[in-house]
Amino acid sequence: MGRSYFVEEAVGQYLSDLSAKSKKNITGLLVGQCSQQRDYILLAIRTPVKEEESNGGASHHTDLSNIDEEWTATHARQVSRMLPGGLLVVGVFIISVPELAKEIQNILRKLLFTVEKSVARKRLWSISEEDVSDRVALHLCSATKKILCRTYDVQDPKCTAKPADWKYQNALSASWLSLECTINVNIHIPLPATLASHNLEKKTRNGLGRWAQQIEEAIFLINGQAREEDADLLEGQKKSRGYMPSATRNLDVRVLTKLMQSTNSRSTATVQICNGYINLKGALKCRAYIHNNKPKVKDAVQALKRDIINTLSDRCEILFEDLLVNEMPGNKNSEREYHILPCRVFTSIVGSNVLLCDYKFGDETIREIQEHFLEMMDQAVQSDDLHIAEEINTVELSLTKEFQDNTQPKQVTKEMLLLKLRQNIGMHILA
């Protein structure tokens, strides 16, 4: 028996509109949530048109040469940054004419594996045994409107296609459960004396990997209580038929990390000569969503853990991309500076309890964020629907000169994430 995909009705309308408006092949991503019992599709997002295609360079609708695997995979990586915990890219779709049906199945398979590789490339958490590895490949015929839905196991390169059900459902995620937490981070990453400036990103990721392991091992209190992993998340909650009060839908979570190793364990610490350090400090506003079909505590906690890890990792990656574009770091004549990581911005999916997110640097405008949502998610977002997660509470901070650009110290927010580099020759104990 194949998997069943429960799909938001708006996705069906979106695919139908794409099919009616375009006379060429269209590829795109499917975003949703996987579980052991059933899978959910909340969004379909077409692949952005390349600039050369928008200027008249697109191929004819019976030519498969306009389907670019790497372009689709890059889009998937960008979209994955904009998804809160619990949501992921669960598949791909292609809209084409009937005569391409056989060729399309091969293209869909290749797209799935390329997209999964792109999304997982810089992931700091590991797949668990209970993670669903099946991904959906959807083909919609633009002439007959017939849908062919199949799945592939992306953890098995030799897998064959399996049939799957595609079922539309109204207001699919309107009453999904939301988990929210604020976690303060203060991550200290030593820099070896031999480290070159272009290796800073790699060293940062290695340090984040150690911190991610702490998050994996942390204790999560849901509404102030420690819960058994296999317990029903809604156990003890009153729920009327067809209705879930907002107080039940939104769960507050506290994270307790283990700060010290057991004194009984043997130390494996080593001494390393270091030339400085990176310090990541600030507050993370994290959010995850889970379906309301008898969810387990462990599934909800896992979704929130991955949001915590992803959001800090993504912000650092975005910062280094920005530094690279702006030809930083470079000048060693500056005294001090902090680099402010981009803050999180949330916006709602129409008709849903679920929010999407993006990341905003201080000098970016709301208009730029709206344009990014439209380009990456194919979603028109109103300015009033954008909510900046981090609170603004201004303090003055500074950074010493190594690897930095020559600029004056900045006013930054106490709860915004900061990346700090300091030259400070000394020793560091590595446990």
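Each value, and the rule that gives it
- Residues numbered from 1 in each chain as written.
- Predicted model: local features only at pLDDT ≥ 70, side-chain atom pairs only at ≥ 80, totals over all residues.
- Heavy atoms only, no water.
- Helix = DSSP H or I, 4+ residues; strand = E, 2+ residues; numbered from the N terminus.
- Buried < 20%, exposed > 50% of the residue type's maximum accessible area, 1.4 Å probe, protein only.
- Contact = heavy atoms within 4.5 Å.
- Areas by Shrake-Rupley, 256 points an atom, 1.4 Å probe, with all protein chains shown as cover.
- Pairing = 2+ DSSP bridges.
- Axes fitted to C-alpha atoms, helices over the stretch in contact; angles between N-to-C directions.
- Phe/Tyr/Trp six-rings, centres within 6.5 Å; stacked < 30°, edge-to-face > 60°.
- pLDDT = per-residue confidence, 0-100.
- Expected span 1.5 Å × (residues − 1).

### Some details on the overall build of the protein
Helices and strands together make up the secondary structure of the protein, namely 8 helices and 20 strands. Among the 431 residues that make up the protein, the fraction classed as buried is 49%. When contacts within the protein are restricted to residue pairs at least 6 apart in sequence, long-range pairs at least 24 apart make up 77% of them. Here the protein has roughly 22,100 Å² of accessible surface; of this, 47% comes from carbon and sulfur atoms.

### Remarks on the sheet that holds strand β16 (residues 355-360)
Spatial ordering of the open sheet is given by β16-β15-β17, a layout of 3 strands whose pairing is antiparallel. One side of each edge strand has no neighbouring strand; the edge strands of this open sheet are β16 and β17 (387-388). Relative to β16, strand β15 (residues 343-348) runs antiparallel, the two sharing 6 bridges. Looking at β16, one finds that C343 is bridged to K360. Strands in contact with helix α8 (residues 366-377) are β15 and β16; relative to β16, the strand with the most contacts, it is inclined by about 125°.

### So, the side chain of T347
In this fold, T347 is placed in strand β15. Residue contacts for T347: discarding those within four places in its chain leaves V354, L355, L356, F373, V381, D385 and L386.

### Brief notes about the packing of aromatic side chains
As enumerated under the stated definition, the model contains 3 aromatic pairs in all. When the centroid spacing of 6.4 Å and the interplanar angle of 40° are considered together, the rings of F6 and Y40 count as tilted. Of the two residues, F6 is situated in strand β1 (residues 4-8) and Y40 in strand β3 (residues 39-46); the sequence distance between them amounts to 34 residues. With respect to burial, F6 and Y40 carry one shared label: buried. Measuring from ring centre to ring centre gives 5.4 Å for Y40 and W176, while their planes differ by 80°; the resulting arrangement is edge-to-face. Note that Y40 is positioned in strand β3 and W176 in the loop between β8 (165-169) and β9 (177-192), a separation of 136 residues in sequence. Residue Y40 is classed as buried on the basis of its relative accessible area of 4%. Its relative accessible area of 1% is what places W176 among the buried residues.

### Some words on the environment of H387
Turning to its location among the elements, H387 is positioned in strand β17. We classify H387 as partly exposed; its relative accessible area is 47%. Along the backbone, H387 and T347 are 40 residues apart, and their C-alpha atoms lie at a distance of 6.4 Å. Dropping the residues within four chain positions of it, H387 is found in contact with R344, V345 and F346.

### A look at unusual backbone geometry
Here K145, not a glycine, exhibits a phi torsion of approximately 65°, which is positive. For K145, the position within the fold is in the loop between β5 (134-141) and β6 (147-153). With relative accessibility at 42%, the residue K145 sits in the partly exposed group. The residue K294 is not glycine, and still its phi comes out positive at about 55°. Summarising the element assignment, K294 is placed in the loop between β13 (270-290) and α7 (297-325).

### Side note on the confidence of the model for the protein
Within the protein, residue pLDDT values average 82, and 77% of them lie at 70 or more. Looking across the protein, the model is least confident in strand β18 (residues 394-396), with a mean pLDDT of 28, and most confident in β3, with 97. Below a pLDDT of 50 lies the segment residues 260-265, which in the model reaches 0 contacts outside its immediate sequence neighbourhood of four places, other chains included. Scored below 50 in pLDDT, residues 423-431 makes 34 contacts in the model with residues more than four places away or belonging to other chains.

### Describing α7
Over its 29 residues, α7 extends 42 Å from the first C-alpha to the last, a length consistent with the 42 Å expected when each residue adds 1.5 Å. Within α7, 21 of the 29 residues are buried, which leaves the element mostly enclosed by the surrounding structure.

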